[in-house]
Amino acid sequence: MEDLAGLSELDENSLLESLTGRFDHNRIYTYIGDILVAVNPFKQLPLYEKEVSERYKCHEKSSLPPHIFAVADRAYQSMLGRLGTGPKNQCIVISGESGAGKTESTKLLLRQLMELCRANSQLEQQILQVNPLLEAFGNAQTVMNDNSSRFGKYIQLRFQNSSVKGAKINEYLLEKSRVVHQDEGERNFHIFYCMLAGISPQDKEMYGLLDPTQYRYLNGRFVQDDMVKHWSAKYSEVSNAMDMVGFEEQEKVDMMTILAGILSLGNITFEVTDSDALKVADKSQGWLKAAAGQLGVQEEELLRCLTCTMTVTRGESIYRLHNQQQAEDARDSIAKVVYGRVFGWIVSKINELLSHKLDWDVELSEIGILDIFGFENFAVNRFEQLCINLANEQLQYFFNHHIFLMEQNEYKEEGIQWETITFKDNKPILDLFLTKPIGILSLLDEQSAFPQATDGNFVDKLNSKFKANPHFEVVRSHSPLFTIVHYAGKVQYNASGFLEKNRDNIPANIRTLFINSVTPLLSVLFSATISRTGTLMPRKAKLQVVDDNFNSTRKQSVGAQFKHSLAVLMEKMFAASPHFVRCIKPNSSKQPDQLDSKLVMDQLRYNGLLETIRIRREGFSWRPSFKEFAQRYE
């Protein structure tokens, strides 16, 4: 069956059987009413050729098999008001766990939407080039996925009548900690491998790049020989994408130089002398010199930032010397903040280039595509996983709200005979995280404000406040651990590093160091301000009045920025008509033609797909207003 809302037998087994049968015949797409279920095939399928794309333009839904292109078409036609409802902004929500195929689905949707505009302008080509660019800097290999998005994005496509006029990327929560540390079986961001495989020998010399296996931030490992070609081709792709989107040559050179500087920085090590003084180890003096050169700063200034912290008290500068651990932390935090700023700058540059021709006086329609990190449960779950899983809770709530709450309320209001369909409401889990003043994020901010507080204090606070909460479990351990019962299952978090990551402080002397860098791009990155949602805003955007977060005493924590950006995102999405794509991962070993029934069943359960089928089967899929009905049938 192509639409599971038509199943005569409705239980978990018949649902699984239908999807398995379709998967065995390479039919990876299935409808549940207006919702698309997409199972990742882990192989190339001949489903996306030009003639397929043509067939799905302005088609009747039931006349063709389920397809991701059909979702693009429905969103586009709905935006234009052609499907029996008035014109309205649309959003496409793609969800699923890590490795379920969300990023590929996003690319296919974008491609088809650009096909539907059919204007073949340069702008459409530029929009399509954004993905390879963001992937190189924001994606990495993880245990679960070879091309995992380590940030979330909401792409807003702006249309005037039927043609695209601009685009804006909103990015969320780049996993900066990956720059300095990767767990077993994981890799750093793709761009480092692209760069080391693809830059010509003479350019490597110019950037000061050495043998890849020497770099500590890459765990001293590079890629196998057969993969060098792959990464080298990727580098050309990224380079072309930058040209196409409109980056200048000098900006590209600056960017590569800065990335080379990050790698050199990672190789600086420290040792304690006989007189208990801290110094850079003799064997890494060369790396200090290289990093200073690549980052365009004085060697002794960089050394000072690594080995001591400066505070100003009553107008006097006081220098506190670091111990070895603090010096290593300072080195890693410089690498993380520099990389994070480069990424933020790439996004703001793309937005500037893709919207410079927009006429702000003209009313524009919009289609948003949300591709956000999937639910994660690793061997060790850190602050990043907590934020990622909170975002997924929020998405699940959005889905429930639209599919169950709003629809059933309409039936009640209309006085239709209706037996209420119950669903797993995850609002209490969201409240556990977001309530003020005693939600998890508020308590984290409260503890982060105390310089003496530890991650252990934070977990003690959680245990005392939430021990009776059904969605929280106390973990008896010497490590700061706690468990949350999410909509998708239990996850145990290790709170080591939570306070530090939430504060995300940049010491003043580091900021001053880079504002004075002779590398023009670094100077721009560090004189930029950061908005309430954590977005980098280069200085020339004078129109927006932003408080300077560096100089204001109340710098927002990472948790607060994320909470705010989630709220802004939800506001945009609740104001649009949603289309849902539920991605399913068939097995954990990334193998084609294999479907693990238990893994798939778990995903179907926590996505609430059985209840979704019930409401799609018994409910009314088209609910026009009286005015729309009259216009259509008069």
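Since we're looking at a predicted model, the values are computed, not measured.

**A short note on the sheet that holds strand β14 (residues 481-486)**
Read across the sheet, three strands follow the order β13-β14-β15 without closing on themselves; strand pairing throughout is antiparallel. Two strands bound the open sheet, and with one partner strand each, they are β13 (472-474) and β15 (489-494). Averaged over all adjacent pairs, the angle separating strand axes in this sheet is 25°, with direction ignored. The pairing of β13 with β14 spans three bridges and is antiparallel. Its bridge partner lying in β14, F472 is registered against I484.

**Observations concerning the side chain of Q396**
Along the chain, Q396 falls in helix α13 (residues 383-413). When its relative accessible area of 4% is taken as the criterion, Q396 is described as buried. The contacts of Q396, once residues within four sequence positions are left out, are N426, Y487, R582, Y606 and N607.

**Some thoughts on the pattern of salt bridges**
What the rule picks out here adds up to 35 salt bridges. Salt bridges sharing partners connect three or more residues here, namely R150, E175, R178, E186 and E376.

**Points about unusual backbone geometry**
Of the consecutive residues K436 and P437, the connecting peptide bond is found in the cis state with omega at -5°. Within the secondary structure layout, P437 lies in the loop between α14 (427-434) and α15 (440-448). Backbone geometry at F42 places phi at a positive 50°, although glycine is not the residue there. With respect to the secondary-structure elements, F42 resides in the loop between β2 (35-39) and α2 (50-55). Of note, D276 is a non-glycine position whose phi angle comes to about 65°, a positive value. Inspection of the secondary structure puts D276 in the loop between β8 (270-272) and β9 (278-280).

**Overview of the pairing of strand β18 (residues 577-584)**
When a strand is regular, its side chains alternate between the sheet's two faces. Of all eight residues in β18, six are buried; the element is thus mostly enclosed. Relative to β18, β2 runs parallel, the two being bridged by four bridges. If you follow V39 over to β18, its bridge partner there is I584. Pairing of strand β3 (residues 90-95) with β18 involves six bridges; the strand directions are parallel. Residue pairing across strands places Q90 opposite S577, the latter belonging to β18.

The rules behind each value
- Along each chain, residues carry numbers from 1 onward, in the same order as the chain's sequence is written.
- Predicted model: local features are reported for residues with pLDDT of at least 70 only, side-chain atom pairs are reported and counted for 80 or more only, and whole-chain, interface and lining totals are derived from all residues.
- Where side-chain values are given, they derive from all heavy atoms of the structure, hydrogens and water being excluded.
- Two strands pair if DSSP finds at least two bridges between them.
- Under the DSSP-based scheme used, a helix requires at least four consecutive residues in state H or I and a strand at least two consecutive residues in state E, with every element numbered from the N terminus.
- Here the axes come from fitting lines to C-alpha atoms, over the contacting stretch only for helices, and the angles between their N-to-C directions go from 0 to 180 degrees.
- Buried residues are those whose accessible area, probed at 1.4 Å on protein chains only, stays under 20% of the maximum for their type, while exposed residues exceed 50% and partly exposed ones sit between those limits.
- In what follows, residue pairs with any heavy atoms lying within 4.5 Å of each other are defined as contacts.
- For this analysis, a salt bridge means a side-chain nitrogen from Lys or Arg found within 4 Å of a carboxyl oxygen belonging to Asp or Glu.

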